[in-house]
Amino acid sequence: MVNYMIELPTLRDYQTDNVLAVQKALMRHRRVIDCMPTGGGKTTVAKYILGSKLNREIQPGQSGNAVFAVQKRGLVDNAIDSFSKHPKLPHGVAMSGRKRTWHNRVQVGSIDSMLSWYLDDGYKSEHTYDLIINDECDNHNSKFQKFVEAHDKKRLELGLHPAYVMGLSATPMAKGLAGVYKTIVKGPSVQWLIDHGHLKPMRYVQAVHQGKLDRLKAAGEGYTAQSLAAAFEGLAGDLVSDWKQLGQGRPTLGFFSRVSYSKDACQMLNANGISARHVDGETEDDERKRLFDGLNAGEFQYLCNVGVVDRGTDIPNIGCIQLATAVNSIKKLIQMLGRGARISTTHSDCQVIDHGGSIARLNTFFEDDIEWVLQAEKTKDLTHEPRPVICCPKCGVQYRGGFCRSCGYEPSPKERKAVGLEFVAGELVEISKQAKPKKQSCEDIWRQALYAAGKSNRTYKQAIGIARSKAERQGTKFRVPSRLDVGNKTITAIPFGDPDGGRRVASLYDGIFA
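This text gives an overview of the structure that appears in the document. All values derive from a computational prediction rather than experimental measurement. (Residues numbered from 1 in each chain as written. Predicted model: local features only at pLDDT ≥ 70, side-chain atom pairs only at ≥ 80, totals over all residues. Heavy atoms only, no water.)

## Looking at the sheet that holds strand S12 (residues 276–279)
Pairing is mixed in the open sheet, where eight strands are placed in the order S12-S13-S11-S14-S15-S8-S17-S16. The open sheet has two free edges, formed respectively by S12 and strand S16 (390–391), since each of these has just one partner strand. Pairing of strand S8 (residues 202–206) with strand S15 (residues 350–354), which is carried by five bridges, proceeds in the parallel orientation. Paired with Tyr 204 across the two strands is Val 352, which belongs to S15. Along the sheet face, helix H8 (residues 236–246) touches S8, strand S11 (252–256), strand S13 (302–305), strand S14 (320–324) and S15 and points at about 155° away from the line of S14. Strands in contact with helix H9 (residues 259–271) are S11, S12 and S13; relative to S12, the strand with the most contacts, it is inclined by about 170°. (Pairing = 2+ DSSP bridges. Helix = DSSP H or I, 4+ residues; strand = E, 2+ residues; numbered from the N terminus. Contact = heavy atoms within 4.5 Å. Axes fitted to C-alpha atoms, helices over the stretch in contact; angles between N-to-C directions.)

In C-alpha cells:
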C-alpha cells in the first residue's frame with residue numbers, strides 16, 4: 001500500500017510526450033534507450049518515471065525497488081542534486097564511502113560500487129530492482145551488461161519478473177548496446193529544441209591559428225597521443241590571441257589534448273589578465289564541483305580541461321567553447337559541443353572556436369539530426385550523411401548554405417570551388433560527392449532482405465547475404481539486428497549455428513515474409 005504520493009516534477013510538453021513514448025516502448029520491449037539531446041531534460045524525465053514508480057502499488061513479481069545507475073562518482077552527486085531539488089525524490093545512495101539507506105526504494109548508485117557490492121561469482125544479494133535506469137548508457141556498457149545479466153538470473157531465482165531497463169544518452173553509440181537494449185526512443189531534435197528556446201544556438205568559427213593538423217595520425221575513433229601532442233605543441237600563445245579576438249567576455253570551456261598543454265594555456269591566460277583555472281582526471285571530485293560552479297557563477301573566465309568536462313556536467317552559463325585539440329568521432333564532437341548548449345543567463349548563443357579542424361573535417365554541427373542505431377559502434381557505422389561546411393572568407397564563421405549567417409557575405413563560385421563545394425539544386429554539396437541518397441539503417445536493410453528472400457524462396461542465411469550486399473553498396477557494415485519490428489510484430493534474430501538458419505525464410509516467423 002502506498003503511504004503517501006510523491007510529487008512529480010512538472011514536465012514540458014515534449015518531455016511529457018517523451019515519457020509516454022518511453023513507457024510504451026518499455027511495455028513492449030522491456031529494455032530501451034531514451035535518446036534526448038544534452039539539455040533536453042533526461043534526468044528530469046527519469047525523476048518523473050522513478051517518482052511514478054514509487055506512487056504505484058507493489059505488484060506480485062516485483063520487489064518495489066528502482067535504481068538510477070551512473071558511471072562516475074561525480075555523476076552520483078549530480079543525480080543527488082537533481083533528485084534533492086523540489087519536488088524531492090526520496091532516495092538512498094549506493095556508493096562506497098557514503099551512508100547506506102536501504103529503506104529507500106530508489107537508490108542512486110555508481111556502477112563500480114554496484115558491481116562490488118552485489119556480484120561475487122553471481123549476484124550475492126536478494127535486494128533487486130524492478131526498474132534500472134542507466135545514465136550515460138553509451139559509457140562503460142560492458143560493466144553495466146555484466147551487472148544486468150547477473151541481476152536477471154537472481155530475479156529468476158527469486159521468482160520475480162525481469163527488470164525494466166532504461167538507458168539515457170544523447171549519443172547512444174557504443175560496442176554491445178544491442179546486447180542490452182532492444183530499441184531507441186528518440187526525443188526532439190537539437191534544432192527543434194533551439195527553435196523553441198530550450199537550447200542555445202551555436203556559432204562556429206575556424207580559429208585564426210590552427211594546430212599542425214598534417215601531423216595527426218588516426219587511431220580508431222581518435223588520434224594517437226603522440227600525433228596530438230605534435231599537432232598542438234606551442235599553441236598556447238596563439239590560443240590566447242584568438243580567444244581575445246573571438247571569445248572575450250564569455251565564460252569559456254577549453255578542451256586540450258594533454259595536461260601539460262592545458263596547464264601552459266592556463267598560465268598564459270592568467271599572465272594576460274584572463275582569470276583561468278585547470279581541471280583534469282586527477283582533480284578531486286569536490287574541487288571539480290567548485291570549479292564548475294565557479295565558472296558558472298563568473299568567479300573566473302576560463303576553465304582549461306583535459307578529458308573531464310565532456311559529458312554529464314551542467315554549466316549553463318558557458319558562452320564559448322575553444323577546441324584546442326582534434327577529434328575524429330562525431331559522437332565525441334557532439335558531446336564536447338553539448339557543454340555549451342544549455343540556456344544561459346549571460347549569453348544567447350555559444351561561440352565555438354575550432355583550432356583542430358574537427359567541425360570541417362567531420363562536416364558536423366551540434367544541431368545536426370543524427371540517426372543513432374543500436375548496431376552502430378563507430379562513426380563509420382552511422383547512417384548519418386554529414387552535410388558540407390564552408391568557412392566564410394570574410395569573417396571565419398563556419399556555416400552551411402549561401403550567405404554567411406554572421407556577416408552576410410556570399411562566397412563567389414570560385415571561393416566555393418576552392419574548398420571543394422558547389423550548389424546543386426540549391427543545396428551546398430561536395431563537388432566530388434554531389435548529393436548522396438540517405439543511407440539505410442541495418443533494420444531497414446534487414447527488413448527488405450527478409451522480404452526479398454521470402455519471395456524468392458531463399459534461406460535465412462541467404463537473406464543475410466542479401467543484406468550484406470545491400471550494405472556494401474551504400475558503404476556501410478551490416479549486422480543482423482537482435483530484434484526487428486515488422487508491422488505490429490517483433491521478430492528476433494536466429495542465433496549463429498542454429499539449424500533454423502538453413503530454413504527457407506517463407507517458413508519462418510509465422511510466414512509473414514512468404
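Further notes follow.
## Side note on the pairing of strand S6 (residues 164–169)
The two faces of a sheet get side chains in turn, since along a regular strand they alternate between them. Across the six residues that make up S6, a large majority, five, are buried. Across five bridges, strand S1 (residues 31–35) lies against S6 in parallel orientation. Opposite Asp 34, over in S6, you have Leu 168 as the bridge partner. The sheet contact formed by strand S5 (residues 131–134) and S6 spans four bridges and is parallel. Within S6, the position partnered with Asn 134 by the bridge is Gly 167. (Buried < 20%, exposed > 50% of the residue type's maximum accessible area, 1.4 Å probe, protein only.)

## Description of the pattern of salt bridges
Using the criterion set out here, one finds 17 salt bridges in the structure. Connected through shared salt-bridge partners, Lys 53, Asp 130 and Arg 155 make up one network. (Salt bridge = Lys/Arg side-chain N within 4 Å of Asp/Glu carboxyl O.)

## Thoughts on helix H3 (residues 73–84)
Compared with the 16 Å implied by 1.5 Å per residue over twelve residues, the 17 Å span of H3 between its first and last C-alpha is a close match. For H3, the set of buried residues is Leu 75, Val 76, Asp 77, Ala 79, Ile 80, Ser 82 and Phe 83. Looking at the packing, one finds that the buried side of H3 touches helix H2 (42–54), strand S2 (66–70), strand S3 (92–94) and strand S4 (106–110). (Expected span 1.5 Å × (residues − 1).)

## What about the packing of aromatic side chains?
Counted under the stated rule, the structure contains 15 aromatic pairs. Ring geometry for Trp 102 versus Trp 117: centroids 5.9 Å apart, planes at 65°, classification edge-to-face. In this pair, Trp 102 sits in the loop between S3 and S4 while Trp 117 sits in helix H4 (residues 111–118), placing the two residues 15 residues apart along the sequence. Taking the relative accessible area as the measure of exposure, Trp 102 reaches 34% and is therefore partly exposed. Considering the side-chain rings of Trp 446 and Tyr 460, the 5.4 Å spacing of their centres and the 90° angle between planes classify their relative orientation as edge-to-face. Of this pair, Trp 446 sits in helix H14 (residues 442–455) while Tyr 460 sits in helix H15 (residues 460–473); the two residues are 14 residues apart in sequence, bridging distant segments of the chain. Of the two residues, Trp 446 and Tyr 460, neither departs from the other in class, the shared state being buried. A connected cluster of aromatic rings, assembled from ring pairs, spans Trp 102, Trp 117, Tyr 118, Tyr 123, Tyr 129 and Phe 147. Note that Arg 258 overlies the ring of Tyr 261, its terminal NZ or CZ placed 5.4 Å from the centroid. (Phe/Tyr/Trp six-rings, centres within 6.5 Å; stacked < 30°, edge-to-face > 60°. Lys NZ or Arg CZ within 6 Å of the ring centre and 35° of its normal.)

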